[in-house]
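An overview of the molecular structure
Below are the chains, spelled out letter by letter.
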Amino acid sequence: MRKFLMLVAVALLSLSCSKDTAKDKSLWICDDANFARLSTKDSICFYLDKARETGFNRVVVDVKGAAGLALYESGFVPARTREGGFELGERGWDYLEYFIDQAHRRKMKVTVAMTPFSVGCPMNGEGPCYSNAELCEHTCVEYTPKGFLKIENDPSEVSAFLNPSDPYAIDYGMRTVKEIVERYDLDGLCLDYCRYPGMKSDFSELSRKQFEEYIGEEIGNFPEDIFSYGKDGEVIPGKYYRQWWTWRSGNIKSFIAGVRTYLKSVKPRVDLEYWAASWLHAIYKNGQNWACDQAEYYKGLPWAEDGYCKTGFAGELDLFVTGTYLERVWGMEDLESIEYGLFRTKRDIADACRVQGSLYAVNHLDEFEDAVYLCMRETSGVMVFDLVWVVKNNLWTQIKNGIDRAESEH
């Protein structure tokens, strides 16, 4: 009898573990693109049912996107009430709470996605930085071929970022994280746009002083000692060019480490997740060294100095969602294929955290089943971006077939 009970216990433990380690099939739900579609409770339930029927077991609910507006109950971040020509006004119920409740009823998990440093959308002048002068004091200063420019005044930018090395910005980002984590029963927290906006930001006096402290000397010619622009706008590296990128990447790693320390102290079972493009060698401009801290993929590249690997932050994450938004699906010898992108990500992450492949639902429409299958086969699951494109391109059947095909092999 005792032997029988032990066998039952082992079987139950095995079943429990298999459920806990089941691959995540995630559907991203962007805050602005789906704002009108998901403005009612019935619509949320409809799309959760549709997602569940398709094979998704997790939704990624974006509640603070590029414009820096909230789709959760915040004490300091203004609420999103309209998008385009659609005006909602006062919702009267908690969007995120309802999403989580309904997803959990359907045995689906919820990752909450948020941007810690975004406070406005320069393309349309929407967001809190356009009405809050204090926020504008801490937004990024751009260094362009034509001179300096505040990022909120640059319509070519997707988002107006706070300067990620500014203590004010770090506090603002952490306050957002804490509100979400402490108010909601989430299963994962995904940091999106947790980076510098690009090469031309940030060149404020604060960044100059911080960088001088980092290198231990004053910069005689700033920003030209970092880089300058040629007559055709080309970048000409300066004396401190390579140190600059290491310093910036270290700032992003430091913020992520702070989020992890906080998150695991209050809700240790909640996963810390991070999305970024899979082309790691090219996003040093954003400070996004998502590799493990021993990966030396950058060796021989002109922007990198020895020791850059120490800024790798994969070890701070539970899950890295790799954006394999590439030109082709198959081809291990093809640097622009999803297959190679997944291989490269796993190589550079090593065993620092789990890896999940992600797909842009406007690419490979005739091969989307293959793309889903490939992510499922090669990583800890698949994330599809975004609901709006899945609906528009009617990809539900291809996604289901890709998931079923991968799971039938196990």
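I will try to describe carefully the structure that is included in this document.

Another aspect to go through is the overall build of the protein chain. Across its full length, the protein chain holds eleven helices and 14 strands. A compact globule built from 410 residues would reach a C-alpha radius of gyration of about 22 Å, and the protein chain, at 22 Å, matches this within 12%. If you line up the protein chain on its principal axes, its C-alpha atoms span 80 × 50 × 45 Å. Across the 410 residues that make up the protein chain, the buried fraction comes to 54%. Only carbon and sulfur atoms are counted for the fraction: they give 50% of the accessible area of the protein chain, which is about 18,100 Å². Each charge sign in the protein chain was given a centre, from 48 positive and 63 negative side chains, and these centres are 5 Å apart.

Within the closed barrel, the eight strands sit side by side as β1-β2-β5-β8-β11-β12-β13-β14. Their pairing is parallel. Across this sheet, the average inter-strand angle for adjacent strands is 25°, counted without regard to direction. Of the pairings in the sheet, the one linking strand β1 (residues 24-29) to strand β2 (residues 58-64) comprises four bridges and is parallel in character. Within β2, the residue paired with Ser-26 across the bridge is Arg-58.

Here the largest pocket defines a volume of roughly 670 Å³. Along its surface, the largest pocket is lined by 27 residues, and Asp-192, Tyr-193, Arg-195, Trp-275 and Phe-385 are the ones closest to its centre. Secondary-structure elements contributing two or more residues to the lining of the largest pocket are β11 (271-277) and β14 (381-385). It is β11 that provides the largest number of residues to the lining of the largest pocket, a total of three residues.

Here we come to the packing of helix α5 (residues 167-183) against helix α7 (residues 241-266). Two elements in contact, α5 and α7, have axes separated by 11 Å at closest approach and are oriented at 25°. Our classification of the angle between α5 and α7 gives roughly parallel. Between α5 and α7 lies a crossing of right-handed hand. Residues Ile-170, Gly-173, Met-174, Val-177, Lys-178, Val-181 and Glu-182 of α5 form the contact with α7, whose participating residues are Phe-255, Gly-258, Val-259, Tyr-262, Leu-263 and Val-266. Here the residues of the contact of α5 with α7 sort into nine nonpolar, two polar and two charged.

Glancing now at helix α9 (residues 368-378). Taken residue by residue, α9 has Phe-368, Ala-371, Val-372, Tyr-373, Leu-374, Cys-375 and Met-376 as its buried positions. Next to the buried residues of α9 lie β1, α8 (338-349), β13 (354-360), β14 and α11 (396-407).

Time to look at the packing of aromatic side chains. Throughout the structure, instances matching the rule amount to 37 aromatic pairs. The interplanar angle of 45° and the centroid separation of 5.9 Å between the aromatic rings of Phe-203 and Phe-222 together place this pair among those described as tilted. Note that Phe-203 is positioned in the loop between β8 (188-191) and α6 (205-215) and Phe-222 in the loop between α6 and β9 (227-229), a separation of 19 residues in sequence. One exposure class covers both Phe-203 and Phe-222, and it is buried. With 5.6 Å between their ring centres and 90° between their planes, Phe-203 and Phe-227 make a pair best called edge-to-face. One end of the pair, Phe-203, is in the loop between β8 and α6; the other, Phe-227, is in strand β9, with 24 residues separating them in the sequence. When its relative accessible area of 3% is taken as the criterion, Phe-203 is described as buried. Here Arg-91 stacks its cationic end above the ring of Trp-93, 5.0 Å away from the centre of that ring.

Next up on the list: α6. Here α6 has its buried residues at Ser-207, Phe-211 and Glu-212. Buried residues in α6, looked at end-on, bunch into an arc of 135°, giving them a common side. Looking at α6, the residues exposed on the side facing more than 90 degrees away from the buried face are Lys-209 and Glu-213. Buried residues along α6 sit in contact with α7. Directly after α6, the chain includes Gly-216, whose backbone phi takes a positive value near 80°.

This brings us to the packing of α8 against α9. Where α8 contacts α9, the axes come no closer than 10 Å and their chain directions differ by 20°. The angle between α8 and α9 falls in the class roughly parallel. Seen from above, α8 lies across α9 with right-handed handedness. Every residue of α9 that contacts α8 at Ile-338, Glu-339, Leu-342 and Lys-346 is listed here: Ala-371, Leu-374, Cys-375, Arg-377 and Glu-378. Per-class residue counts for the contact of α8 with α9 are five nonpolar, no polar and four charged.

On to a negative patch on the surface, then. A cluster of like negative charges, contributed by Glu-73, Glu-97, Asp-101 and Asp-185, occupies part of the molecular surface. Mapped onto the elements, Asp-101 comes out in helix α3 (residues 95-105). Assessed through its relative accessible area of 40%, Asp-101 is described here as partly exposed.

What counts as what
Residues numbered from 1 in each chain as written. Predicted model: local features only at pLDDT ≥ 70, side-chain atom pairs only at ≥ 80, totals over all residues. Heavy atoms only, no water. Helix = DSSP H or I, 4+ residues; strand = E, 2+ residues; numbered from the N terminus. Rg over C-alpha atoms; globule rule 2.2 N^0.38 Å. Buried < 20%, exposed > 50% of the residue type's maximum accessible area, 1.4 Å probe, protein only. Areas by Shrake-Rupley, 256 points an atom, 1.4 Å probe, with all protein chains shown as cover. Lys, Arg positive; Asp, Glu negative; His and termini not counted. Charge placed at Lys NZ, Arg CZ, Asp CG, Glu CD. Pairing = 2+ DSSP bridges. Axes fitted to C-alpha atoms, helices over the stretch in contact; angles between N-to-C directions. 1 Å grid on protein atoms, 1.4 Å probe; cavity = no way out; pocket = protein on both sides within 12 Å on 5 of 7 lines; lining within 4 Å. Points joined across faces, edges and corners; volume = space filled by probe spheres on them. Parallel < 35°, antiparallel > 145°, perpendicular 65-115°, else oblique. Left-handed = near helix turned anticlockwise from the far one by under 90°. Contact = heavy atoms within 4.5 Å. Nonpolar A, V, L, I, M, F, W, Y, C, P; charged D, E, K, R; others polar. Phe/Tyr/Trp six-rings, centres within 6.5 Å; stacked < 30°, edge-to-face > 60°. Lys NZ or Arg CZ within 6 Å of the ring centre and 35° of its normal. Arc of directions from axis to C-beta. Patch = residues over 30% accessible without salt bridge, like charges linked within 9 Å, V, L, I, M, F, W, Y side chains within 5 Å. Salt bridge = Lys/Arg side-chain N within 4 Å of Asp/Glu carboxyl O.

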